[in-house]
Amino acid sequence: MSKLKVKGSQFMLEGETLQILSGAIHYFRVVPEYWEDRLLKLKACGFNTVETYIPWNLHEPEEGSFCFEGLADVERFIALAGELGLHVIARPSPYICAEWEFGGLPAWLLREPDIQLRCMDECYLRKVDAYYDVLIPKLVPLLSTNGGSVLAVQIENEYGSYGNDKDYLSYIKQGLLERGIDVLLFTSDGPTDQMLQGGTLPDVLATVNFGSRPDEEFAKFREYRPDEPLFCMEYWNGWFDHWLNPHHTRDGEDVARVLDQMLTAGASVNFYMFHGGTNFGFYNGANEQEKYEPTITSYDYDAPLSECGDITEKYLAVREVLRKHGAVLPEDVPEPSRKKSYGTLVMKEAAGLFANLDSLSAAVRRRCPEPMEKLGQNYGFILYRTRISGPRKSQELHLQNVHDRAQVFLEGRCIGTIERWEPKPLIVDIPAEGATLDILVENMGRVNYGPRLKDAKGITEGVRLDNQFQFDWTIYPLPLTDLSALPFTQLASHSRGIENPMFFKGELIVNDIADTFVRLDRWTKGVVWINGFNLGRYWEKGPQKTLYVPGPLLRKGRNEIVILELHGTDNAEIELVDAPDLG
């Protein structure tokens, strides 16, 4: 039996003092074929532990339906880490934040109209229990007490930033114990009075999260835990990006200096992130404080290991600090993955979104516009259609609480866009014979942190012309999980200036498989699929200018690329280049 123990202000493992040197790698943000490469690079940098969150919404995408395959094969990831000689810290929380969609909570929770999240709400706890009944037995054989690599498991996540329901924290703790988790349990919170009061339990190890000023932050921690080990569970050595904002970077020498301070103080540390990876598909989260801010597709995080797994100057600076503090390192750092430019690809086929609604969706009739969740939809887009009577002159069209970005069409012609962060009404004129109104809404990611987690998607209240609500809607849910029924047709070479939402398809012939990056300089906003795999969103407003394509998503010979372009392009060509551009 190998169990991490706390003895005074130190960690002990098998009778020896252990300073935990950990880096975060989220298995769900890295294709499985690259897990070993990323873990070996973590070890070669001088770390002895890998930490990962476990996102509920990935593992239970629909209530009662579970997934632990492919990107979701957490058992394989943890076992692999152990085989490579790394310890593991697991954070099944059930809320994870992580700039991940809804903080890892499944969207189907919002189908319950009265549910209260992250507290002693009977409905919520019943669903957590059902998930833990499936997840936790998969983790138990991987615990160090059972010969595995998992040294510690987290209770909830940064709970003091959200609430103070100690009964709830104790309930989660008890649920882990009763299901066989017998390794060290811990909480993690920001080092403030409020957070440490709300998010900790007296008989559970506490850890703190910060990015700088370790002396100051640990001093606050010591006011609450004078004798426990110092552990920065999230050392924010970089940061994530939102659409419409600049790309974040942080100087590697500064990161190394702060790390040196922590290690000199005898603290353990977990780099958040060591390797960020990618928010594939529709899994990016969002923040909402003064306004709603969705996270981009890349989760590069300016981490020591880049989004595509390359070693950075920050990696080298961190490695030298770990060497100074006694880490035994291989002489050479691992090689980067191969990158390749495949050149320009012309998208030769197309299919209109509006013309193919019946291939993509089963329409429903509702008196009022309803959000996705009420219709059993989690992610993607949703289209609302109604008939407006006329004549009407210069009326204001209001989408009451649209989440998140709506394109408005009158008789099939785009008349404007209404965005959640700037919800200005549109002025419309309706002819005497009336007109068909279409509103296409994009779910750009649910809020993942703070008090506004309940973030229903679509039109959440109603549609008004001036003060008059409009009733009687046909609604098309568009999760876009399967595009195989789309009837693509040849795109005329002279087609230019297509303005309505359109799917484009092209074929990439690959003889030599390597990583590459999709560049869409002449495109506006949309989503890219490669061989049916959703790479994520692009948007000309940046900061991100390329989408990462891991080599394992490609195959020798023919590869199908599909793009949903929301606003049209005057040039249906993309580039596949050998370097990222994150702005």
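Now for a quick tour of the structure. (Residues numbered from 1 in each chain as written. Predicted model: local features only at pLDDT ≥ 70, side-chain atom pairs only at ≥ 80, totals over all residues. Heavy atoms only, no water.)

Helix and strand content of the protein: ten helices and 33 strands. Residues counted as buried form 62% of the 583 residues belonging to the protein. Intrachain contacts of the protein at a sequence separation of at least 6 include 78% that bridge at least 24 residues. Side-chain charges in the protein split into 60 positive and 85 negative, and the spacing between the mean points of these groups amounts to 2 Å. (Helix = DSSP H or I, 4+ residues; strand = E, 2+ residues; numbered from the N terminus. Buried < 20%, exposed > 50% of the residue type's maximum accessible area, 1.4 Å probe, protein only. Contact = heavy atoms within 4.5 Å. Lys, Arg positive; Asp, Glu negative; His and termini not counted. Charge placed at Lys NZ, Arg CZ, Asp CG, Glu CD.)

This paragraph deals with the side chain of His26. Structurally, His26 is set in the loop between strand 4 (21–25) and helix 1 (35–44). Those residues in contact with His26 that lie beyond four places of it in its chain are Thr52, Tyr53, Ala98, Tyr272, Met273 and His275.

This part covers the sheet that holds strand 24 (residues 468–469). Think of a sheet as strands paired side by side through backbone hydrogen bonds, with each pair either parallel or antiparallel. Spatially, 21-18-23-24 is the arrangement adopted by the four strands of the open sheet, whose pairing is antiparallel. This sheet does not close on itself; its edge strands, each paired only once, are strand 21 (426–430) and strand 24. Strand direction decides the pairing type here: strand 18 (residues 392–403) and strand 21, joined by four bridges, are antiparallel. Note that in strand 21 the partner of Glu396 across the bridge is Ile427. (Pairing = 2+ DSSP bridges.)

Turning next to the pairing of strand 27 (residues 502–510). Put simply, side chains in a regular strand alternate between the two faces of the sheet. Here strand 27 lies mainly inside the structure; seven of its nine residues are buried. Note: strand 15 (residues 349–352) against strand 27, four bridges, orientation antiparallel. For Glu349, the partnering residue across the bridge sits in strand 27 and is Lys505.

Take the environment of Asp251 next. Within the secondary structure, Asp251 is located in the loop between strand 10 (231–236) and helix 8 (252–264). In the structure, Asp251 is positioned 204 residues away from Phe47 in sequence and 20 Å away in space, judged by C-alpha atoms. A distance of 3.1 Å separates the side chain of Asp251 from the backbone nitrogen of Glu253, its partner in a polar contact. (Polar contact = N/O pair within 3.5 Å; in protein donor to acceptor, adjacent residues only side chain to side chain.)

Looking at helix 1, one finds that the buried residues are Trp35, Arg38, Leu39, Lys41, Leu42 and Ala44. Among the structural elements, strand 4, strand 5 (49–53), helix 3 (74–83), strand 11 (268–275), helix 9 (313–324) and strand 31 (546–549) are those in contact with the buried residues of helix 1. Backbone geometry just after helix 1 places Gly46 at a positive phi near 115°.

Let us look at the packing of helix 7 (residues 214–224) against helix 8. Between helix 7 and helix 8, whose axes approach to 10 Å, the crossing angle comes to 40°. Regarding the angle of helix 7 to helix 8, the classification is oblique. Seen from helix 7, the contacting residues are Pro214, Asp215 and Phe218; seen from helix 8, they are Val258, Gln261 and Met262. Broken down by class, the residue content of the contact of helix 7 with helix 8 amounts to four nonpolar, one polar and one charged. (Axes fitted to C-alpha atoms, helices over the stretch in contact; angles between N-to-C directions. Parallel < 35°, antiparallel > 145°, perpendicular 65-115°, else oblique. Nonpolar A, V, L, I, M, F, W, Y, C, P; charged D, E, K, R; others polar.)

Here we come to the nonpolar core. Ranked by internal contacts, the top residues of the largest apolar core, which has 157 residues, are Tyr124, Phe503 and Ile561. Looking at this core, the element that brings in the most residues is helix 4 (residues 122–139), giving nine residues. Contacts of Tyr124, omitting those with residues within four sequence positions, involve Trp56, Pro94, Leu105, Leu109, Ile115, Gln116, Leu117, Arg118, Cys119 and Tyr168. Membership of the second largest hydrophobic core comes to 24 residues, among which are Ile382, Val402, Val441 and Ile475. (Core = buried A, V, L, I, M, F, W, Y, C linked by side-chain atoms within 4.5 Å.)

The next subject is unusual backbone geometry. Residue Pro94 is reached from Ser93 by a cis peptide bond, and omega for that bond is 5°. Along the chain, Pro94 falls in the loop between strand 6 (87–91) and helix 4. At the junction of Gly542 and Pro543, the peptide bond is cis and its omega measures out at 20° in the coordinates. Although it is not a glycine, Ala98 adopts a positive phi angle of roughly 60°.

A few words now on the environment of Glu331. Inspection of the secondary structure puts Glu331 in the loop between helix 9 and strand 14 (343–346). Taking relative accessible area as the criterion, Glu331 reaches 68% and is therefore assigned exposed. It is 8.9 Å that separates the C-alpha atoms of Glu331 and Ala44, two residues lying 287 residues apart in sequence.

Let us look at the packing of aromatic side chains. Think of a pair of aromatic rings as described by two things: how far the centres are apart, and how the planes are tilted against each other in angle. All told, the structure shown has 36 aromatic pairs when counted by the stated rule. An angle of 80° between the planes, with centres 6.3 Å apart, marks the rings of Phe282 and Phe381 as edge-to-face. Placement of Phe282 in the loop between strand 11 and strand 12 (286–288) and of Phe381 in strand 17 (residues 381–388) is noted, with a sequence separation of 99 residues between them. You can call Phe381 buried: its relative accessible area is 2%. Between Phe504 and Trp523, the ring centres sit 5.1 Å apart and the planes meet at 85°, which makes this aromatic pair edge-to-face. Of this pair, Phe504 sits in strand 27 while Trp523 sits in the loop between strand 28 (516–519) and strand 29 (525–530); the two residues are 19 residues apart in sequence, bridging distant segments of the chain. Classification of Phe504 as buried rests on a relative accessible area of 0%. (Phe/Tyr/Trp six-rings, centres within 6.5 Å; stacked < 30°, edge-to-face > 60°.)

Attention now goes to the sheet that holds strand 32 (residues 557–565). An order of 26-15-27-32-29-30 is seen for the six strands of this open sheet, with the pairing classed as antiparallel. Each end of this open sheet is capped by a strand with a single partner; those strands are strand 26 (489–490) and strand 30 (533–539). For strand 29 and strand 32, the ladder comprises five bridges, and the chain directions are antiparallel. Each bridged residue has a counterpart across the sheet, and for Gly526 the counterpart in strand 32 is Glu565.

In the contact formed by helix 1 and helix 3, the axes pass within 10 Å of each other and the chain directions differ by 40°. As the angle between them shows, helix 1 and helix 3 are arranged oblique. In this structure, helix 1 crosses over helix 3, and the sense of that crossing is right-handed. Note on element contacts: helix 3 touches helix 1 through Arg76, Phe77, Leu80 and Ala81, opposite Trp35, Glu36 and Leu39. Within the contact of helix 1 with helix 3, the residues separate by chemical class into five nonpolar, no polar and two charged. (Left-handed = near helix turned anticlockwise from the far one by under 90°.)

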